[in-house]
Structures are given as structure tokens and as C-alpha cells.
Amino acid sequence: MTSQEIIEDYHQLKSLGLDTWLSDCARTKDILLVIEMAALARNINKEKHPHQYRLPNHILREFANNLIKTREAVVSCTTFEDLYEAVNSARIAGIGDLTVYDTSQRIGARLKLLPKRVYLHQGTRIGAERYLGRRINEDSIDKSEFIHSYFCFHIWARYYCWMLGYCVCISIRKLSS
């Protein structure tokens, strides 16, 4: 699968409105409500994000309560990386890397904090490993790792790290193993 095909898949899925959880958090003024929505994986219409469908609501509620208790640390973050660590510190049993990342991304949308690296939870890790053709042990990698030709540079360079991670994650079934 080419870089162009991966990006076309991303745009096709984006057109289905899967970014509403991010945009709802970005538009919500009350930061406590944003933290709660983000940790509960709910949009403004109370719909649960597909990434967190299998997580029991009581686990998400406990995670949200922990995160709300640390709201001072959350709102004082000046980088996405700091925000990710603050969210991760509120993690409880049953909350995995994807939920920590998604929650950080949703709160980051409100705080205008974007990741400067591509974070690797299970789906992005598999996709990145297949795309790059090597095993990756780090929790995140630099965007430049995806640029291994002049053609790829022009495609990937204009995408934010979260978009790039989303692209490789949604394309894992199509990328050769």
C-alpha cells in the first residue's frame, strides 16, 4: 500500500465524522466538562467513541473521576507530551494506551496542544511497524521516520502527527505484514 492510498483511506473515514469527539471537546468552554467528556469517551450527544465501546462505563467513570481530581495539573500543561503524562498518571486498571492517548488528544484539542510525535498504541504500532518494515519498541516516534523518500516527504510533511498515526492505524489490514 502506498502513502497516497493510506491518506486516501484516512480522508474517506474522516468524511464519516469520526472527529466529532475532538471537535466537540475543542468547542466546549467548560474545561471540567471537557475532561469528563474526554475520559468518558463521549461526544456532546453522549455517544461513546468506537475506540472505547468495549470498556465498561464504570471503568471510564472512575478514570474520569481520577482525571478531574488532577485538573490543576491537566490545565497547566503547556505541551501535549506533558498532558499525555498527566492523563497517564490518572490511569486505572482497564484503561489502556489507546484510551490514554485518545483522552489526551480530546483534552489537547480544547487546550490547543497537539502531539509533536506519533504515539504508538496497538493499532498505530502495528501499522507503523508494517509501513516502516521494522520492530518499534518506543512509545512514540518522530514523524520524520515516515519520510523515506522525496515523494513521501511531500505527502507526510503536511500532516500533523495525530493524523499520521491515524493513517497508519486504519490501514493495518491493507499494509503487508
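Enquirer: Break down the pattern of salt bridges for me, citing the residues and quoting the values.
Expert: All chains considered together, the criterion is met by six salt bridges. Here Arg61 ties to Glu36 by a salt bridge, and the two come within 2.9 Å at their closest N and O atoms. Taken as a pair, Arg61 in helix α4 (residues 57–69) and Glu36 in helix α3 (residues 31–40) lie far apart in primary sequence, 25 residues in all. Looking at Arg61, the relative accessible area reads 32%, which means it is partly exposed.

Enquirer: Can you break down the packing of aromatic side chains residue by residue, with the values?
Expert: Scanning the entire structure with this criterion turns up four aromatic pairs. Centroid distance Tyr84 to Tyr119: 4.8 Å. Interplanar angle 40°. Geometry classified as tilted. One end of the pair, Tyr84, is in helix α6 (residues 80–89); the other, Tyr119, is in strand β1 (residues 118–119), and 35 residues separate them in sequence. We classify Tyr84 as buried; its relative accessible area is 12%. Judged by relative accessible area, which is 10%, Tyr119 ranks as buried. An aromatic cluster of three or more residues is present, and its members are Phe80, Tyr84, Tyr101 and Tyr119.

Enquirer: So what's going on with the packing of α3 against α4? Residues and values would help.
Expert: In contact at an axis separation of 8 Å, α3 and α4 are set at 145° when each is read in the N-to-C sense. Handedness of the α3/α4 crossing: right-handed. Contacts from Leu32, Ile35, Glu36, Ala39 and Leu40 of α3 reach α4 at Leu60, Arg61, Phe63, Ala64, Leu67 and Ile68. Counted by class, the contact of α3 with α4 contains nine nonpolar, no polar and two charged residues.

Enquirer: I'd like a rundown of unusual backbone geometry, residues and numbers included.
Expert: Notably, Ala41 is not glycine yet its phi reads approximately 60°, a positive angle. Counting through the fold element by element, Ala41 comes out in the loop between α3 and α4. For Lys112, which is not a glycine, the phi torsion comes out positive at approximately 60°. The topology assignment puts Lys112 in the loop between α7 (97–111) and β1. Exposure remark for Lys112: the relative accessible area of 70% places this residue in the exposed category.

Enquirer: Before we move on, can you summarise the environment of Arg42 with the specific residues and values?
Expert: Along the chain, Arg42 falls in the loop between α3 and α4. Residues Arg42 and Cys25 lie 17 residues apart in sequence; the distance between their C-alpha atoms is 9.4 Å. Ignoring any residue separated from it by four or fewer positions in sequence, one finds Arg42 in contact with Trp21, Met37, Glu47, Lys48 and Asn57. Among the polar contacts made by the side chain of Arg42, one reaches the side chain of Asn57 at a distance of 2.8 Å.

About the thresholds
Residues numbered from 1 in each chain as written. Predicted model: local features only at pLDDT ≥ 70, side-chain atom pairs only at ≥ 80, totals over all residues. Heavy atoms only, no water. Salt bridge = Lys/Arg side-chain N within 4 Å of Asp/Glu carboxyl O. Helix = DSSP H or I, 4+ residues; strand = E, 2+ residues; numbered from the N terminus. Buried < 20%, exposed > 50% of the residue type's maximum accessible area, 1.4 Å probe, protein only. Phe/Tyr/Trp six-rings, centres within 6.5 Å; stacked < 30°, edge-to-face > 60°. Axes fitted to C-alpha atoms, helices over the stretch in contact; angles between N-to-C directions. Left-handed = near helix turned anticlockwise from the far one by under 90°. Contact = heavy atoms within 4.5 Å. Nonpolar A, V, L, I, M, F, W, Y, C, P; charged D, E, K, R; others polar. Polar contact = N/O pair within 3.5 Å; in protein donor to acceptor, adjacent residues only side chain to side chain.

Remember, this is a structural readout, not a statement about activity or role.
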